[in-house]
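Coordinate inspection notes
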Amino acid sequence: MRHLPTIFFHELRVLLLAPSTYIAAVLFLAVMGFVFAGILDSYNQEAQDLSPSFVFFSLFWLPVLFMVPLLTMKCLPEERRAGTLETLLTTPVSTAEVVIGKFAASYTLYVMLWLLTLGFMFILDNYAQDARFLDPGPLIGGYVFIAVSGLLFVSVGVLASSLSRSQAVAGVMAFALLFAIIIGARLVSDLTLLQQEGFTPFRDALENVQVMSHLQDFTRGIIDTRQIIFYLSGTALALIFSILGVEGKVLRS
Amino acid sequence: MQSSAAPQHEPAEEITIDVRELVKTYSGVNAVNGLSFTVRRGEIVGFLGPNGAGKSTTMRILTGFLPATSGYVSVCGIPVASRPDEVKRHIGYMPENNPLPEDMRVGEYIHYRGRLKEISGRRLRERIEAVIERCDLKRVRHRMIGKLSKGFRQRVGIAEAILGDPDVLIMDEPTIGLDPHQIILIRDLISSLRGRMSVLISSHILPEIEMTCDRVIIINSGRIVASGTPRELRREYVGRMVYRLESNASAERVAAILDGVAPQLNINAAEGPDAEGFTAFIIGTPGAEDLGEEMLRRLNAAADVRVRMLGRERSTLEEVFLAATRRSWDLSMEKSGKGGVAR
């Protein structure tokens, strides 16, 4: 793993120079800005039970669904198309280092983009002059959730990019996989078929992988190790499959 | 630099690339079929073959990028199949079409590749200066690779390949798509590596290979069809000599003088008498031995004949290549024919 820092900084540099990163960042900040403004507007109309940051984070999936594919879709298809994957893998670098380096760079950028939204909170704090709006508990819990769940989301994006030669396919695949993880689990658990007696264990298992309920726990300050293990093991699995995906593609190249 | 001062106890005999019975099968098709060859330290070996002969596949296996189906490959005594990571420290590789990232500067790219090749600190700085100097990249050092001309890109690829001062340099079609001037530059660059690294170059530009390489391996359909120095190959596959003579004598007179030098001389007037009365003749001899001296002696002895020049026309490697690949096709046809009869 001695090449990991080299690849990580190289990839981060590539990402910071790529136009698609800035498209993703602008879209992200614009959408989140509108969402935040909308939340503040509703608070203006009447008093709400929940703190604004709680509502803000409950819409996290909206940017994740388009931002993560945009960030990760060019990771591997680009290298494969240009043929630079071949030059990369003929240096003493392992496939694992390449995949993890790319993952780490995309993840860093993902977290950086989310940290930019702290600006919204800062503006709110500055102008509202009301400490009640900025409840530090949900705020910290929300960002911790973003950081932990981001591991899984970005690794799924990397997995999608390792499976395809085309950026567009990788992007669409990442979107579909993320949709399945974030929203699909809830849709499945709502099926009437699962309400039957025999499916109880399955339904219980499904309850534990609900990303939305994880978010609620985190913003309430409950840090459940089961959830952390869910994200970490999911990340590890996605990365292992990405490494296998890259190696499998090389074997048949 | 130190190695040149050291006593020469046959370092040239050290085998750096050893390939034995290499087979690579892609979904049932044998791309490489029982290939065996060795390359010694300091040798420049040309790898020739028609498109799809298995040149690139063999090179990719040598670099540890692709696994072989069967056979044994070692680089500097290290088996590629079981210790690919170690092998990668001994090779410099330039793939076909020389892929480079578009959005990096030349200096940055070479630095990044140096880090990946586990060169660090002062040595990396020295090596970068050395390869930039050697490949004449000073002017474009701070330019974007995507904006460079093809010749410069190719030189960036070579600079990158020799950056780690590897024992074995593998280049897949290094001169493809270059203009003649750039080809000469690249050829000189490769020649300057002679004796320091083992170089394996694939190409189908034959004069290219002939000028740079000590030895040529011709492969076709994944098999070696001929191997040796260009001279040996010419003797074996072309098996005749062609001379060019310019003289003021007539064709009959030349035939009379040269009668008996060799059993079957084939004398043709190529270009009719010019203003000064000299005719150019093309003389073909059946054997591979050099008859130039004997012919010159006889021509000088004849008082009425003036000779302006006598030279050997070298048959090109092209002829060797065509003859060798044709022979391999004939052999494989024969084999399959026999197989059919046996059944």
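Provided above is the structure to which this section pertains.
Being a predicted model, the structure only gives us computed values, none of them experimental.

Calculation criteria
Residues numbered from 1 in each chain as written. Chains lettered and ligands numbered in written order. Predicted model: local features only at pLDDT ≥ 70, side-chain atom pairs only at ≥ 80, totals over all residues. Helix = DSSP H or I, 4+ residues; strand = E, 2+ residues; numbered from the N terminus. Rg over C-alpha atoms; globule rule 2.2 N^0.38 Å. Buried ≥ 20, exposed ≤ 12 C-beta atoms within 10 Å, placed from the backbone. Contact = placed C-beta atoms within 7 Å. Nonpolar A, V, L, I, M, F, W, Y, C, P; charged D, E, K, R; others polar. Pairing = 2+ DSSP bridges. Axes fitted to C-alpha atoms, helices over the stretch in contact; angles between N-to-C directions. Expected span 1.5 Å × (residues − 1).

Per the secondary structure count, chain A includes 13 helices and 0 strands. A compact globule built from 253 residues should have a C-alpha radius of gyration of about 18 Å, and chain A, at 20 Å, falls within 12% of that. Each of the three principal axes of chain A carries a C-alpha extent, and together these read 60 × 50 × 30 Å. Out of the 253 residues belonging to chain A, those deemed buried represent 40%. Residue pairs at least 24 apart in sequence account for 82% of intrachain contacts in chain A once pairs closer than 6 positions are excluded.

Before going further, it helps to examine unusual backbone geometry. All names here are of chain B. One non-glycine residue with positive phi stands out, namely Glu21, at about 50°. Looking at the secondary structure, you find Glu21 in strand β1 (residues 15-26). The class of Glu21 is partly exposed, set by 13 C-beta atoms lying within 10 Å.

Right, let's get into the interface of chain B and chain A. Each side of the interface is counted separately: chain B has 18 residues, and chain A has 15 residues. When contributions to the side of chain B that touches chain A are tallied by element, the ones reaching two or more residues are α3 (84-88) and α4 (106-116) of chain B. Among the elements that make up the side of chain B that touches chain A, the one with the highest residue count is α4 of chain B (3 residues). For the side of chain B that touches chain A, the per-class residue count stands at 8 nonpolar, 3 polar and 7 charged.

Turning to the pairing of strand β10 (residues 223-228) of chain B, a few remarks are in order. All names here are of chain B. For strand β9 (residues 215-220) and β10, the ladder comprises 5 bridges, and the chain directions are antiparallel. Bridged to Ile218 within β10 is Ala226. Linking β9 to β10, which pair antiparallel, is a turn of 2 residues; within it Ser221 sits at a positive phi near 45°.

What follows covers the sheet that holds strand β4 (residues 70-75) of chain B. Residue and element names in this part refer to chain B. With respect to topology, 4 strands assemble into an open sheet ordered β2-β1-β4-β5, the strand pairing being antiparallel. Looking at strand neighbours, the two that pair on one side only are β2 (29-40) and β5 (78-79), the edges of this open sheet. Two strands pair when backbone bridges link them, and β4 and β5 are joined in this way by 2 bridges, in the antiparallel orientation. Within β5, the position partnered with Ser74 by the bridge is Pro79. Taken strand by strand, helix α2 (residues 55-62) contacts β1, β2 and β4, and its axis lies near 120° from that of β1.

So, on to the environment of Leu109 of chain A. Residues and elements named next belong to chain A. Its place among the elements puts Leu109 in helix α7 (residues 95-116). According to the C-beta neighbour criterion, Leu109 is buried, with 21 such atoms within 10 Å. For the pair Leu109 and Leu59, spaced 50 residues apart in sequence, the C-alpha to C-alpha distance is 20 Å. When sequence neighbours within four positions are dropped, the list of residues in contact with Leu109 reads Leu15, Thr21 and Leu71.

The next subject is the pairing of strand β7 (residues 168-172) of chain B. All names here are of chain B. A large share of β7 lies buried, amounting to 5 of its 5 residues. Taking every second residue as pointing to the same face, both faces of β7 are buried, with Val168, Ile170 and Asp172 on one and Leu169 and Met171 on the other. Bridge count for strand β6 (residues 91-94) against β7 is 4 bridges, and the pairing is parallel. The residue bridging Ile91 from the neighbouring strand is Val168, located in β7.

The end-to-end C-alpha separation of helix α13 (residues 225-251) of chain A is 38 Å, in line with the 39 Å expected for 27 residues at 1.5 Å each. Here the buried face of α13 of chain A lies against α5 (75-82), α7, α9 (136-163) and α12 (211-219) of chain A.

All names here are of chain A. Of all the positions in α5, only Cys75, Leu76, Pro77, Glu79 and Arg80 are classed as buried. Looking at the buried residues of α5, the elements they touch are α4 (61-72), α6 (84-89), α7, α9, α10 (167-189) and α13. A positive phi of about 85° marks Gly83, the residue just after α5.

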